[in-house]
Amino acid sequence: MTTVADLAPDTLVEGVYAVASKRRLRTKTGSAYLALELVDASGRIEARVWNDVEVLDQRFAEGDSIRVLGRVERFRDRLQLEVRSIEPAPDADAAALTPTLRRDRDELDGFLEFLASEVAHPGLRTVVGRFLADERLRTRLRELPATVDGHHGYSGGLLEHTVGVATLCRETAQLHPRLRADLLGTAALLHDVGRTVELGPPPLFRPTQEGKLLGHVHLGLRLVEGLAHDLEAAVRAELLHAIGSHHDARAARTAEAAVLYHANQLDAIAATRPVE
């Protein structure tokens, strides 16, 4: 069986993949075709079904595991799989076929706990402690991507990105002692916690109804308000402000909020920008 990472142009391949997306479209001449995104633990690839569309369309749905025979081609400088046959693969676990991080999750969890342990402010330390003690949040951090179609877009990417941003903020606070390290560190650890409510389970990671309507920033603020219900009002407001503006540089009115915005951007760029 050929993994996504091993696909090469102008080759015939057979593999088992999960269907991350499935759309029925029409060509300019009106012929129906299927546009798919197929994934396994090594990556993802676009696929097309041009022939026998009526028959093959009935054999699978989004989220299913399927056995595919097809030819790999290069289309607009990207690999694309022209699918010739599809069969259900009920013995394959679709969740296990989800693209995943290459770093050790337990090691990243250890880094997360180390970064949390450095928060000294009593109120913020309590907030972070509640976050770490929530088994559902910790599980979701380990299994979700940071984004579905962008940076850290694989299972465990949310944990990896959270640790990355919090580490950048920690180092920045050490270089610039004028920054309130506890506030910045707590905001970094919690900045994307809304993803745990926004995104559904693997392999689709499809946004929940709340996720579609509210987005991860709003959902994250709501979660943090619950974790910080007894935090002193002024500190809570600054924490919520930093989290709320981590995608909007112009909205950041404190140094800590601005640093969080740039750390978030830096980690995303470092993870995705092509290198030689």
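Our subject is the structure that appears above.
Thresholds, definitions, all that
Residues numbered from 1 in each chain as written. Predicted model: local features only at pLDDT ≥ 70, side-chain atom pairs only at ≥ 80, totals over all residues. Heavy atoms only, no water. Pairing = 2+ DSSP bridges. Helix = DSSP H or I, 4+ residues; strand = E, 2+ residues; numbered from the N terminus. Axes fitted to C-alpha atoms, helices over the stretch in contact; angles between N-to-C directions. Parallel < 35°, antiparallel > 145°, perpendicular 65-115°, else oblique. Left-handed = near helix turned anticlockwise from the far one by under 90°. Contact = heavy atoms within 4.5 Å. Nonpolar A, V, L, I, M, F, W, Y, C, P; charged D, E, K, R; others polar. Phe/Tyr/Trp six-rings, centres within 6.5 Å; stacked < 30°, edge-to-face > 60°. Lys NZ or Arg CZ within 6 Å of the ring centre and 35° of its normal. Core = buried A, V, L, I, M, F, W, Y, C linked by side-chain atoms within 4.5 Å. Buried < 20%, exposed > 50% of the residue type's maximum accessible area, 1.4 Å probe, protein only. Arc of directions from axis to C-beta. Polar contact = N/O pair within 3.5 Å; in protein donor to acceptor, adjacent residues only side chain to side chain.

**Here we look at the pairing of strand β1 (residues 11-26)**
Right, on to step 1. Sheet topology note: the β1/strand β4 (residues 65-75) ladder contains 8 bridges and is antiparallel. Within β4, the residue paired with valine 13 across the bridge is glycine 70.

**Section: the packing of helix α8 (residues 209-227) against helix α9 (residues 233-244)**
Right, on to step 1. With their axes 9 Å apart at the nearest point, α8 and α9 run at an angle of 160 degrees to one another. When the interaxial angle is binned, α8 and α9 end up roughly antiparallel. In the crossing of α8 with α9, the sense of the turn from one axis to the other is right-handed. In this structure, α8 uses Val217, Leu221, Val224 and Glu225 to contact α9, whose residues at the interface are Leu239, Leu240, Ile243 and Gly244.
Right, on to step 2. Looking at the contact of α8 with α9 residue by residue, the classes come out as 6 nonpolar, 1 polar and 1 charged.

**Remarks on the packing of helix α4 (residues 135-143) against helix α5 (residues 157-175)**
Two quantities define a packed helix pair, namely the angle between the axes and the distance from one axis to the other.
Right, on to step 1. Relative to each other, α4 and α5 sit at 100 degrees, their axes nearing to 4 Å. Put simply, α4 runs roughly perpendicular to α5. Residues Arg140, Leu141 and Arg142 of α4 form the contact with α5, whose own contacting residues are Leu158, Leu159 and Thr162.

**Remarks on the packing of aromatic side chains**
In this description, a pair of aromatic rings is defined by centroid distance and the angle of the planes.
Right, on to step 1. By the definition in use, this model includes 1 aromatic pair.
Right, on to step 2. When the ring centre of phenylalanine 60 is taken as reference, the NZ or CZ atom of lysine 22 above it lies at 4.1 Å.

**A short note on unusual backbone geometry**
Right, on to step 1. In this structure, the amide linkage connecting proline 202 to the following residue, proline 203, adopts the cis form with an omega of 5 degrees.
Right, on to step 2. If you trace the backbone, proline 203 turns up in the loop between α7 (195-198) and α8.

**Concerning the nonpolar core**
Right, on to step 1. One finds Phe131, Cys169, Leu239 and Leu260 to be the most contacted residues of the largest nonpolar core, which totals 45 residues.
Right, on to step 2. Counting residues per element, the ones that place at least two in this core are α2 (105-117), α3 (122-133), α4, α5, α6 (181-190), α8, α9 and α10 (255-272).
Right, on to step 3. With residues up to four places along the chain from it excluded, the contact list for cysteine 169 reads Leu184, Ala188, Val259, Leu260 and Ala263.

**Some points on the sheet that holds strand β2 (residues 32-40)**
Note on sheets: strands pair through backbone hydrogen bonds, and any given pair is parallel or antiparallel.
Right, on to step 1. If you trace the 5 strands once around the closed barrel, you get β1-β2-β3-β5-β4, paired in mixed fashion. Strand-to-strand twist in this sheet, taken as the mean axis angle between neighbours without regard to direction, amounts to 50 degrees.

**A word on the environment of valine 53**
Right, on to step 1. By the secondary structure assignment, valine 53 is in helix α1 (residues 53-57).
Right, on to step 2. Residue class for valine 53 comes out buried when judged on its relative accessible area of 7%.
Right, on to step 3. Sequence-wise, valine 53 and alanine 228 are 175 residues apart; in three dimensions their C-alpha atoms are separated by 53 Å.
Right, on to step 4. Excluding anything up to four places from it in sequence, valine 53 contacts Arg24, Ala32, Tyr33 and Leu34.

**Comments concerning α4**
Right, on to step 1. Every buried residue belonging to α4 is among Leu137, Arg138, Arg140 and Leu141, and all of these are buried. Here the buried residues of α4 occupy an arc of 165 degrees about the axis, which is enough to place them on one side.
Right, on to step 2. Considering only its buried residues, α4 is in contact with α2, α3, α5, α7 and α8.
Right, on to step 3. You can read the cap of α4 off the contacts: a side-chain oxygen lies 3.1 Å from the backbone nitrogen of arginine 136, and it is on aspartate 134.

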